[in-house]
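Architecture and fold: a report
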Amino acid sequence: MTLDIVSIGEALVEIMRTELDQPLDRPAGLTGPYPSGAPAIFADAAQRLGSKVGFVGAIGHDAFGNCIYNRLEQDGLDCSGLKHMNSLLTGIAFVSYRSDGSRSFVYHLSGSAAAAVQYEHIPVSYHTARHIHIMGSSLTFSDSMREACYKLARDIYQAGGSVSLDPNLRPELMDPEKIRDICEPILSLCRVVFPSGAEATMLTGANTPEEAAQTLLDKGIEIVALKEGEGGSRIFTREGVLHVSPYSVIEVDPTGAGDCYDAAFMTGLLQNWPLDKVGRLANAVGALATSKQGPMEGAPYLQEVMTFMQRQGMPL
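The text that follows walks through the structure, step by step, so that each part is easy to find. (Residues numbered from 1 in each chain as written. Predicted model: local features only at pLDDT ≥ 70, side-chain atom pairs only at ≥ 80, totals over all residues. Heavy atoms only, no water.)

The strands that make up a sheet are held in pairs by hydrogen bonds between backbone atoms, and each pair lies either parallel or antiparallel. Spatial strand order, 5-4-1-8-9-10-11-12-13: 9 strands in an open sheet with mixed pairing. Of all the strands in the sheet, the pair left with one neighbour each is strand 5 (78-85) and strand 13 (240-244). Contacts between helix 2 (residues 63-74) and the sheet are confined to strand 4 (53-60) and strand 5, with strand 5 contributing the most and set at about 175° to the helix. Sitting on the sheet, helix 8 (residues 275-289) touches strand 11 (223-227), strand 12 (233-237) and strand 13, and the angle it makes with strand 13 is about 40°. (Pairing = 2+ DSSP bridges. Helix = DSSP H or I, 4+ residues; strand = E, 2+ residues; numbered from the N terminus. Contact = heavy atoms within 4.5 Å. Axes fitted to C-alpha atoms, helices over the stretch in contact; angles between N-to-C directions.)

See below:
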């Protein structure tokens, strides 16, 4: 079976504060663990939407690793590229949410199983997938993970598949200028890039998101899907700019919404849908992803999305 999509990178659990404005430097309530990691969230969301997805990552032989593996396996992903590491603990992120919508993180990643991904772990069948999605965060954790991302992206590209990148810039993990440099080998292969406005300018050095999108198009990228949260999204191509209206939802947890947007966008694009339809699906899935606590918990199945879109008067 040829996979539609391969996602590669960090798999971790997330443990979060139960209330807003509770910093992580003092005792307070926590909830979790929830399966997480941007590439894993993307993979799970794409599988739920109907794509055939394989995930490359690494987890420990521990309860947190079981939390991640069980979720991905139950949702039907091909987990043959998800390796259990005997001597390493599963990656962990602790998260605190602020009233203004911002977040703060404490990570245990660089010395964990999450960073131990190696090119040699990748199943042979993954190299001929139709598409590979890369997260900028995955390029920052370790040399071996970065090399695996570069090599697998090149393999799939050379076999006729396509490549997408979500910059997913994490200043907590690496200086933005260095992230820009390490994203360049993926950008040179990309069909689609999925930045926020701030990420677009950091990634390119441009002054505005619009200038950044044009810079990326000038590099040969086909589509820049600019994620704008409550404002919806804008899709930039050489033919022009398409604004896609947002969907309304009561936000519970924004973590993972952008990853779910990416998953929906690529699911529609790989089915050769027109961009307006692709954009509506992506906006709806991104909105629904915020409606439940936990990074993967709001990732919907396609029928749920279609019902949601119909109720809001913007059907698929």
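Now that the structure has been shown, we can carry on.
The next point concerns the pairing of strand 6 (residues 91-97). In terms of burial, strand 6 is a largely internal element, 6 of the 7 residues being buried. As paired elements, strand 2 (residues 12-17) and strand 6 share 5 bridges and run parallel to each other. Bridge pairing in strand 6 places V13 opposite I92. Bridge count for strand 6 against strand 7 (residues 103-108) is 6 bridges, and the pairing is antiparallel. Paired with I92 across the strands is H108, a residue of strand 7. Hairpin connection, strand 6 to strand 7: the antiparallel pair is bridged by 5 residues, and G101 has positive phi, about 95°. (Buried < 20%, exposed > 50% of the residue type's maximum accessible area, 1.4 Å probe, protein only.)

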